[in-house]
Amino acid sequence: MAETALMPWDRPAPEKAGKPSVWSLLPEDFEAMGAPGRAAHLFNRLHRVHLWKEGAPWISKALREWVATETDASLPEILERHPSMDGSTKLVLRLSDGHRIEAVHMPRKVRSPRVTYCISSQVGCAMGCTFCATGAMGILRNLTAGEIVGQVIALMRDLGPDRGEQVTLVFMGMGEPLHNLDHVHRAIRVLGEIEGLGLSAKRITVSTSGLVSGIEKLARLRPRPLLALSLNATHDEARSATMPVNKVWNLARLRQALDAWGLQRGEKFTFEYVLLAGVNDTPEDAQRLGDWLGDLRRGHNVNLIPMNEHDHSTFHEPAEDRIQAFSDRLKAQGCFVTVRRSRGRDVRAACGQLVKEKA
Ligand code: SF4
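So, how was this worked out
- Residues numbered from 1 in each chain as written.
- Predicted model: local features only at pLDDT ≥ 70, side-chain atom pairs only at ≥ 80, totals over all residues.
- Helix = DSSP H or I, 4+ residues; strand = E, 2+ residues; numbered from the N terminus.
- Buried ≥ 20, exposed ≤ 12 C-beta atoms within 10 Å, placed from the backbone.
- Contact = placed C-beta atoms within 7 Å.
- Near = placed C-beta within 6 Å.
- Nonpolar A, V, L, I, M, F, W, Y, C, P; charged D, E, K, R; others polar.
- Expected span 1.5 Å × (residues − 1).
- pLDDT = per-residue confidence, 0-100.

**Q** I keep staring at the overall build of the protein chain and nothing clicks. Help me out?
**A** Of the regular secondary structure elements, the protein chain holds 12 helices and 12 strands. Within the protein chain, the fraction of its 359 residues that count as buried is 45%. Considering only contacts within the protein chain whose residues lie at least 6 apart along the sequence, 70% involve residues at least 24 apart.

This is how it looks when you write it as structure tokens:
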């Protein structure tokens, strides 16, 4: 799967009359573009979401006019909110060209209050994982950095965070973020700006299906977010059957890319494993998964995610005793395992499900 400029996921998103999205700009860009006043101040006013929740933040008339003339300040529009019994809310957002994307808001009240936003990086996805509703859509286009940041701002203005809540972001919505790495990384830089939301890269997780070229590129970038790997099978034949990316970069090559990542102090990988009944949920699979992890068994997280069934896939959730046995076998090998049910199961929170149904 060589990356070329002509692939469909490289299709540029429409720019409004050639104006850059204000949400893709860093303070130094405001300065370079000749914004009136202090660039850091303008950035601060635009990005400090809690000010907007209490009414429009104060910005001078000159700045307001400059933003309106020189930039596109539109945000993705929230079309639907689907609150779940588990406290999460699934949202459908419309981009300026009419395409729809999904996001999930997941507050956690226990221990230290925290809210996690699960966001999209593409409209659809080219990776074609057979258990995924977004994969069944194919790829329509990448999100721009401005649309990614705008998505976060729109979600925060609509649903929080409450004061004192720590914010974390996961790129686990629609799309393969490493297929859109330039825009994703630009968005991470903007979101991390201290004058704005100040979201440290250590509170942002990018989840990949195993796009090795992207992992290798991301490993060299700074700031560098945390990496999650969606694994879902323990031998190449099975993985290639559910995740076509494995035909290009197999499990051995993927493991090599992780070894070359160069883990820094406090950095952890997350390994996601969607449990599919009768496909990848045997004790032998659990044993092989532990073997593949090798020295990554300790100090990293393994998330077991029982399949969230939906109409666009024939896979099923394993029985409870199978899930428990799989988890126990991994724990016996020294892995740190969490069984995670997809949040919002009652509101069709499988990634891409709502947008795919509308399409
Ligand atoms: S699981 Fe992720 S990478 Fe695979 S098709 Fe779905 S959105 Fe794309």
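**Q** I keep staring at the environment of threonine 71 and nothing clicks. Help me out?
**A** Position of threonine 71 among the secondary structure elements: in the loop between helix H4 (61-70) and strand E1 (77-83). The spacing of threonine 71 and serine 24 is 47 residues in sequence and 9.9 Å in space, taken between C-alpha atoms. Residues contacting threonine 71, with those up to four places away along its chain left out, are Lys19, Pro20, Ser21 and Val22.

**Q** Help me understand the site of the ligand in this model?
**A** Near the ligand you find 12 residues, and of these Cys125, Met127, Cys129, Cys132 and Gly135 are the closest. For the shell around the ligand, a count of residues per class yields six nonpolar, five polar and one charged.

**Q** Would you mind going over helix H11 (residues 320-332) with me for this structure?
**A** Think of an α-helix as 3.6 residues a turn; residues three or four steps apart then line up on the same face. A rise of 1.5 Å per residue sets the reference length of H11, with its 13 residues, at 18 Å; its end C-alpha atoms lie 18 Å apart and thus fit the reference within 8%. Note on H11: the residue one or two positions beyond its end, glycine 334, has a positive phi of about 95°.

**Q** Can you help me understand the confidence of the model for the protein chain in this one?
**A** Counting all residues, the mean pLDDT for the protein chain is 89, and 89% of those residues have values of 70 or more. Segment residues 1-12 is flagged for pLDDT under 50; beyond a separation of four residues in sequence, or across chains, it makes 13 contacts in the model.

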